[in-house]
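# Results of the structural survey
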Amino acid sequence: MLINMLKFKLPSVYTILFLLTVLIAALTWVVPAGQYEMANNALLGKLVPISGTYHQVESSPQGLKDVLLAPIKGFYDPESNQSRAIDVALFVLIIGGFFGVVNHTKSIDSAIYQITVKLQGREIWLIPTLMGLFALGGTLIGMAEETLPFYTLVIPVMIAAGYDSITGVAVVMIGAGIGALGSTINPFATIIASNAAEVSFTDGLGLRIAILVLAWLLCVVYVMKYAQKVKSNPAHSIVAAQQDDDKKYFLHNSAASNNMALSFQQKLVLSVLLLTFIAMVIGVSYLDWWMAEISALFIAATLVVGVMARMTEQTITATFVEGARELLGVAFIIALARGLVVVMDEGNITHTFLHYAEGFLSDLSPIVFINTIYWVESFLSLLIPSSSGLAVLSMPVMAPLADFSNVPRELVVTAYQAASGLPNLVTPTSAIVMGGLAIGRVSYSHWLKFILPLLAMIVLLVMAMLSIGVLLS
């Protein structure tokens, strides 16, 4: 029996998300349904809860039918006529198709070979460089869904450099995630939260920068040490225990084994690839683009690459469909993750958890209060993985409580910000986490084994910085 327990494996991500949905549905039968009164916030242009107005409403327990409908509503809710996750899921499929066409040209394989040759003996410095770039995107614009295309680029480079797929996933996910955790002027989190808390987003900026820099350094050292350990002995890789077929993909399955020079045609394809990503960043940052516009951009880039590579119409369509098929599972994961939130909202228990948090925070000393706020926001972030959604819901309730504990409201914003970045690193309700792991073919259990020690260090660092912030206020 003990042997069987030791051999237990965590279920697949699909099963984990479905079981979590069942658990939330079960909670709607025992947790009282309730809501806050909502008021329009002119600065946010959204309805926000009014502190102290929570009241119980008619119970709306979610049954088997609701659980089964949740992934469908996670994609698109026909009753509300509002897009849910369908735009992100479609974007993922288009990204898969785009890289299917690009990979057919062997341009990325050849580029990887050139990179590994030029960085011979210095590959390790790719990790801080790339993590720095992703952290910059995370802290400035809250880069999240936009990171999904980068996994297909970064993972092969890391494998070719002698590391493993977890290293590639970590560079992207932790890089962008730590940037979001230490957001400085992220308009989708920090600015929204500051407005909801009725403070300037520049208040507390120094502390957020300090958290960002220290946490980024901690993460870079952690990932680099792991990568060096894997390179020195592949048996140390966390994914080394996977099936033999997967080992061939994950460990040292490198394009660098073939001496490939970049042709002029391949250089043109790589130029289109680079310009497409630059256009995506500019569009999201300055042109108010979102998934529809970005998807259209990658469709256009697919056609340009196909023409440049002199591919036939049949080849373009076949490789595009095959590439999209590779990421079909990611699209389903996004729907399942969003469906969990649908069940909680329709069961009217989201505001109840917020009300419990409001009562829990009363009459605490300043240092205990700010650290408790951090843990409460961390818990809420697991239930509400959207950083902007969490800000709109929690800040109007949490920020006024700080006044009674003599804690500056900007510290509450910083605590929220650090907590709202956690879903981007570990939570199974986050489509970004599950999508990135699916692209990298890394099981959730393997990711937990890798990330949990680092997560504990990040939490301790944030709590220490928040406590220092209280002492200096």
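As the structure is a prediction and not an experimental result, all values here were calculated from the model.

Take the overall build of the protein chain next. Within the protein chain, the secondary structure is distributed over 21 helices and six strands. Looking at the 473 residues of the protein chain, the share that counts as buried comes to 54%. By element, 66% of the accessible surface of the protein chain is carried by carbon and sulfur atoms, the whole surface being about 20700 Å².

This part takes up helix α4 (residues 86-104). The terminal C-alpha atoms of α4, which comprises 19 residues, lie 27 Å apart, in line with the 27 Å expected from a rise of 1.5 Å per residue. After α4 finishes, the residue K106 shows a positive phi value of roughly 65°.

As a further point, take the side chain of S381. Its location among the elements puts S381 in helix α17 (residues 366-383). A polar contact is formed between the side chain of S381 and the backbone oxygen of A419, at a distance of 3.5 Å. Apart from the residues within four sequence positions on either side, S381 is in contact with L390, A419, S420 and P423.

Here we come to the pattern of salt bridges. This structure, assessed with the given rule, holds four salt bridges. Residue K73 pairs with E346 through a salt bridge whose shortest N-O separation is 3.3 Å. Of this pair, K73 sits in helix α3 (residues 64-75) while E346 sits in helix α15 (residues 328-346), and the two are 273 residues apart along the sequence. K73 gets classed as buried once you look at its relative accessible area, which sits at 15%. Take E346: its relative accessible area is 26%, and that puts it in the partly exposed class.

This part covers a nonpolar patch on the surface. On the surface, L274, L275, I278, I282, Y286 and L287 cluster together to form a nonpolar patch covering roughly 660 Å² of accessible area. On the secondary structure map, L274 appears in helix α12 (residues 264-286). The exposure class of L274 is exposed, given its relative accessible area of 54%.

Not every positive phi belongs to a glycine, and D288 is a case in point at roughly 60°. Relative to the elements of secondary structure, D288 occurs in the loop between α12 and α13 (291-308). With phi around 60°, N348 is a residue other than glycine that occupies positive phi space. Within the secondary structure, N348 sits in the loop between α15 and α16 (350-360).

This part covers the packing of α17 against helix α18 (residues 387-404). Two packed helices can be described by the angle between their axes and the distance between those axes. Close contact between α17 and α18 brings their axes to 12 Å; oriented N to C, the two are set at 160°. When the axis of α17 is compared with that of α18, the two are roughly antiparallel. For the pair α17 and α18, the sense of crossing is right-handed. Two secondary-structure elements touch here, α17 through F369, I373, V376, E377, L380 and S381 and α18 through L390, S394, M395, M398, L401 and A402.

Summed over all chains, the structure comprises 14 aromatic pairs. With a centroid separation of 5.1 Å and an interplanar angle of 75°, the aromatic rings of F98 and F298 are classed as edge-to-face. With a gap of 200 residues between them, F98 in helix α4 and F298 in helix α13 connect regions that are remote in the sequence. Judged on exposure class, the residue F98 and its partner F298 are both buried. Seen from their ring centres, F134 and F150 are 5.2 Å apart, and the 80° between their planes marks the pair as edge-to-face. With F134 in helix α6 (residues 126-141) and F150 in helix α7 (residues 148-160), this residue pair connects regions lying 16 residues apart in the sequence. Owing to a relative accessible area of 6%, F134 belongs among the buried residues under this scheme. The class for F150 is buried, based on a relative accessible area of 15%. Taken together, F91, F98, F99, F134, F150, F277 and F298 form an aromatic cluster joined through their ring pairs.

Attention now moves to helix α8 (residues 165-181). If you check α8, its first and last C-alpha atoms are 23 Å apart, about what 17 residues at 1.5 Å a residue would give, namely 24 Å. Most of α8 is tucked away, with 17 of its 17 residues classed as buried.

The next thing to look at is the confidence of the model for the protein chain. Note: predicted coordinates in regions of low pLDDT should not be interpreted at a detailed level. Here the protein chain averages 82 in pLDDT, and 90% of its residues register 70 or above. In the model of the protein chain, helix α1 (residues 2-6) stands out as the element of lowest mean pLDDT, 42, in contrast to helix α10 (residues 205-232), which has the highest, 94. Overall, residues 1-7 carries pLDDT values under 50, and its contacts beyond four positions in sequence, including any with other chains, amount to zero contacts. Between residues 243-258, whose pLDDT stays under 50, and residues either more than four places distant or in other chains, the model counts 34 contacts.

One can describe the packing of α18 onto helix α19 (residues 409-420) by two numbers: an axis separation of 9 Å at closest approach and a directional angle of 145°. Where α18 crosses over α19, the handedness of that crossing is right-handed. Across the interface between the two elements, S387, S388, L390, A391, S394, M395, M398, A399, P400, A402 and D403 from α18 touch R409, V412, V413, Y416 and S420 from α19. Tallied by class, residues from the contact of α18 with α19 come to 10 nonpolar, four polar and two charged.

What counts as what
- Residues numbered from 1 in each chain as written.
- Predicted model: local features only at pLDDT ≥ 70, side-chain atom pairs only at ≥ 80, totals over all residues.
- Heavy atoms only, no water.
- Helix = DSSP H or I, 4+ residues; strand = E, 2+ residues; numbered from the N terminus.
- Buried < 20%, exposed > 50% of the residue type's maximum accessible area, 1.4 Å probe, protein only.
- Areas by Shrake-Rupley, 256 points an atom, 1.4 Å probe, with all protein chains shown as cover.
- Expected span 1.5 Å × (residues − 1).
- Polar contact = N/O pair within 3.5 Å; in protein donor to acceptor, adjacent residues only side chain to side chain.
- Contact = heavy atoms within 4.5 Å.
- Salt bridge = Lys/Arg side-chain N within 4 Å of Asp/Glu carboxyl O.
- Patch = residues over 30% accessible without salt bridge, like charges linked within 9 Å, V, L, I, M, F, W, Y side chains within 5 Å.
- Axes fitted to C-alpha atoms, helices over the stretch in contact; angles between N-to-C directions.
- Parallel < 35°, antiparallel > 145°, perpendicular 65-115°, else oblique.
- Left-handed = near helix turned anticlockwise from the far one by under 90°.
- Phe/Tyr/Trp six-rings, centres within 6.5 Å; stacked < 30°, edge-to-face > 60°.
- pLDDT = per-residue confidence, 0-100.
- Nonpolar A, V, L, I, M, F, W, Y, C, P; charged D, E, K, R; others polar.

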